[in-house]
Amino acid sequence: MASTTAGAAAATTPSSSKGALKWARRNKTIVGGSLILLTLVVIAILAPWLAGDPLQFEPTNRLKRPSETFWFGTDQFGRDVYSRVIYGTRISLIIGLCVAVLATAIGLVVGVLCGFYKTVDTILMRVMDGMMAIPAILLAIALITLMKASLLIVIVAITIPEIPRVARLVRSVVLSVRGRPYIEAAISSGTRNGRIMVRHILPNTVAPLIVQATYVCASAILTEAGLSFLGAGTPPEIPSWGNIISLGRTFFQISPWIIFFPGLCLAITVLAINLVGDGLRDTLDPRISRRM
Amino acid sequence: MSSAEVVLRVKDLKKHFPVHRGVLSRVVAHVQAVDGVSFEIRRGETLCLVGESGCGKSTVARSITRLEEPTAGTIELNGVDITALNSEALRAQRREMQMVFQDPYSSLNPRLSAGDIVGEPLTNFDLAQGAELEQRIAKLFEHVGLRPEAVNKYPHEFSGGQRQRLGIARALAVNPSLIIADEPVSALDVSVQAQVLNLLIDLQEEFNLAYLFVSHDLAVVEHIGHRVAVMYLGRIVELADNADLFGTPLHPYTEALLAAAPVLEVDGPRERIILQGDVPSPMNPPSGCRFHTRCPYVLPECKRTDPPLLEVAPGHHVACLRRPVGDSGAPLSIA
């Protein structure tokens, strides 16, 4: 175990360019997925230069096919689908990243407390179980209908159902680690609980958490698209892949490009994140990949 | 030695583990892992706890450090009853009582460097910081026979014996008065065992430490112990000075235990006592003397009366009905 983690650490920090190349060849999924993600991030950042105004109505150019002026065609209001898809990248990535970070952070705290204190565990885990019993998309819709739709509310609404999954993962790691003799050794040498958690237990959760965070990120992007499709997601003045698809579905048969391009981007993004997640899991925890 | 101050006084220590069964996990029984154990350890003295697997010797050690909460009894460390302390007060007392664990592989955090591991107790009690901390860690490394340059290495870079030295250095860091060692050498090769035992003996002389040394290995106990307590089914059946116990064992279980240990038989085969049957379940221990089901000298009386641990000769305690104190003050012989 110790030698494999050392090996993974050595592999993730290649010392020379030759080593980096070797590492990249062995981890094609991580490299491929990261490259796609990097491109998407660049697109999101450079959106104002890459695309026109995504909200500009041009009633004369309604439902145009993809052409040289409108690469991805136009929608029923004559808005450029290309510009909308490019700007939609921002929303998807922001939501994916924010939800992954928030859900991981909150889930980590909840999981560590539950794994460490039995009384907290019995109370908090029942709450988590209750949250897991509600379908994520329904909970999100309920939260959004209660409050005015905004990006922040969407992020919060998607984060809440993801927390229990992270918390369960962290809790299981904490439970398996806290019985180890080195934790008992730390207790008997007078280490305070907070220090035991941070110094002896938390490092063990990092590898599974990174992997889990990528899955949370991918699922958050999909949930946001689903919510937007149902009309409960990001407000219509902010273009997101979900609400582009939602608006385009009525014209699906005569102008399929309105939903094709955002759908394609959505699929590519989620695929890229999952590739990175799978690759990270394989390098960070070789035991799981061998089992599968 | 007997006039030295008492470091640890354990009185009537009990640890019962509840057994849960069924859907509602009701408590259906208790495993009486430790059932009324009393002893004292003085400064500079080693008390060995011996017995076969499952007799409760490790549970005694873990209860004293309160890694397991004792069910009943008192544990006095330098006169302070630590069974009643809350967690912060207990943490403060841990400075006086450090532990060395059995498995040198899993008792060291693989993600921390050797220096961090050894220095952790010092940081816990705010005893040293910065350069002073590094200095004290280097000194501890020297004390246990490790090169001070090794502070930046990680546990997997050390051998088993070196790792146990790290564990000992960690225990020594805060200058405790008592070190509880739970089978500290049983995971090591025999040649390394001797080195670690001699290190423990040297450190004891240097720092006047008291040891509670848990072991199942009689050869090890004979080498390191000043006094020995023999445990059977959660009780101490015999407690005596090292020489007395190995020279004139008074409890039939001790006799059997000594007879089972391999020795060179120069003067022809020894008379051996071979125990019949298994150890009874600690969930439902036998009535009367707990050893009566396997005792070769069992009397009808043994099934009814639970023999108390009595001092039958100076410093020699035994719990056996066949060892009443005679008129002369000397114990009567068996049979």
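These numbers come from a predicted model, not from an experiment.

What counts and how
- Starting afresh in each chain, residues are numbered from 1 along the sequence in its written order.
- Written order decides the labels, with chains lettered from A and ligands numbered from 1.
- In view of the model being predicted, local features appear only for residues whose pLDDT reaches at least 70, and side-chain atom pairs are presented and counted only at 80 or more, with totals across whole chains, interfaces and linings using the full set of residues.
- Side-chain measures here rest on the full set of heavy atoms in the structure, leaving out hydrogens and waters.
- Runs of E in the DSSP output that reach at least two residues are strands. Runs of H or I that reach at least four are helices, and both are numbered from the N terminus.
- Accessible area is worked out with a 1.4 Å probe on protein chains only. A residue is then buried under 20% of its type maximum, exposed over 50%, and partly exposed in between.
- Two residues form a contact once any of their heavy atoms are found within 4.5 Å.
- Charge counting treats Lys and Arg as positive and Asp and Glu as negative, with His and both chain ends excluded.
- We put the charge of a Lys on NZ, of an Arg on CZ, of an Asp on CG and of a Glu on CD.
- For two strands to pair, DSSP has to find at least two bridges joining them.
- Lines are fitted to the C-alpha atoms to define the axes, a helix being fitted only along its stretch in contact, and any angle between axes, read from their N-to-C directions, falls within 0 to 180 degrees.
- By buried area we mean how much accessible surface two parts lose on assembly, using a 1.4 Å probe and totalling the loss over both.
- Put simply, a salt bridge is a Lys or Arg side-chain nitrogen that is within 4 Å of an Asp or Glu carboxyl oxygen.
- Lys, Arg, Asp and Glu make up the charged group, whereas Ala, Val, Leu, Ile, Met, Phe, Trp, Tyr, Cys and Pro make up the nonpolar group; the residues left over, Gly among them, are polar.
- Confidence scores here are pLDDT values: one per residue, from the predictor, ranging 0 to 100.
- We define the nonpolar core as a collection of buried residues of types Ala, Val, Leu, Ile, Met, Phe, Trp, Tyr and Cys that are connected through side-chain atoms lying within 4.5 Å of one another.

Undergrad: Would you mind going over the overall build of chain A with me for this structure?
TA: Scanning chain A from N- to C-terminus turns up 13 helices and zero strands. Counting from the amino terminus, helix and strand elements in chain A follow one another as α-α-α-α-α-α-α-α-α-α-α-α-α. The burial tally for chain A puts 46% of its 292 residues in the buried class. Long-range pairs, those at least 24 residues apart, make up 70% of the contacts in chain A between residues at least 6 apart in sequence. The positive charge centre, built from 27 side chains, and the negative charge centre, built from 14, are 11 Å apart in chain A.

Undergrad: When you look at the sheet that holds strand E5 (residues 80–81) of chain B in this model, what are you seeing that I'm missing?
TA: Hydrogen bonding along the main chain pairs the strands of a sheet, whether they run parallel or antiparallel. Residues and elements named next belong to chain B. Read across the sheet, four strands follow the order E2-E1-E4-E5 without closing on themselves; strand pairing throughout is antiparallel. For this open sheet the edge positions go to strand E2 (26–42) and E5, each flanked by a neighbour on one side alone. Pairing between strand E4 (residues 72–77) and E5: two bridges, direction antiparallel. Residue pairing for E5: Leu77 is matched across the bridge by Val80.

Undergrad: Looking at this structure, how should I read the sheet that holds strand E8 (residues 210–214) of chain B?
TA: Residues and elements named next belong to chain B. Spatial strand order, E6-E7-E8-E3-E9-E10-E12-E11: eight strands in an open sheet with mixed pairing. The strands lining the two open edges of the sheet, one partner per strand, are strand E6 (97–100) and strand E11 (310–313). The mean angle between the axes of side-by-side strands here comes to 25°, regardless of whether they run parallel or antiparallel. Pairing of strand E3 (residues 46–50) with E8 involves four bridges; the strand directions are parallel. The residue bridging Thr46 from the neighbouring strand is Tyr211, located in E8.

Undergrad: How should the interface of chain A and chain B be read in this particular structure?
TA: Where interface size is given, it is often the accessible area lost as the parts come together that is meant. Across the contact, 17 residues belong to chain A and 24 residues belong to chain B. Taking both partners together, chain A and chain B bury about 1,900 Å²; carbon and sulfur atoms supply 50% of that area. Put simply, chain A and chain B have five salt bridges between them. When the shortest N-O distance is used, the salt bridge between B:Glu88 and A:Arg192 registers 3.9 Å. When residues of the side of chain A that touches chain B are traced back to their parent elements, those giving at least two are helix H9 (181–188) and helix H10 (193–229) of chain A. The element that contributes the greatest number of residues to the side of chain A that touches chain B is H9(A), accounting for seven residues. Residues belonging to the side of chain A that touches chain B are distributed by class as follows: seven nonpolar, six polar and four charged.

Undergrad: Help me out: how do you make sense of the environment of A:Ile258 in this one?
TA: Positionally, A:Ile258 belongs in helix H12 (residues 257–284). Those residues in contact with A:Ile258 that lie beyond four places of it in its chain are A:Leu63, A:Thr74, A:Asp75, A:Gln76, A:Val81, A:Ile244 and A:Gly248.

Undergrad: Help me out: how do you make sense of unusual backbone geometry in this one?
TA: Peptide bonds are, in most cases, trans, and in most cases residues other than glycine have a negative phi. Residues and elements named next belong to chain B. The phi dihedral of Asp12 falls on the positive side, at around 55°, and the residue is not glycine. Take Asp12: it is sitting in strand E1 (residues 6–21). Here Asp12 falls in the partly exposed class, since its relative accessible area comes to 41%. Residues other than glycine seldom take positive phi values, yet Ser25 does so here, at roughly 45°. Tracing the backbone through its elements, the reader meets Ser25 in the loop between E1 and E2. Of the residues examined, Ser25 reaches a relative accessible area of 39% and is grouped as partly exposed.

Undergrad: What is the right way to read the confidence of the model for chain A from this model?
TA: Low pLDDT marks regions whose predicted coordinates should not be analysed in detail. Summing up the model confidence of chain A, the mean pLDDT is 85 and the portion of residues at 70 or higher is 92%. Mean pLDDT in chain A bottoms out at helix H1 (residues 2–12) of chain A, which sits at 44, and peaks at H9(A), which reaches 93.

Undergrad: I would appreciate a short explanation of the nonpolar core in the present structure.
TA: All names here are of chain B. In this structure, Phe141 and Ile168 are the most contacted members of the largest nonpolar core, which totals 59 residues. Considering every element that reaches this core, the biggest residue donor is helix H6 (residues 190–207), with seven residues. Every residue in contact with Ile168, bar those within four places of it in the chain, is listed here: Val100, Val144, Val196, Leu199, Leu200 and Leu203. Formed by 34 residues, the second largest nonpolar core is a distinct cluster that contains Val37, Phe39, Leu77 and Phe101.

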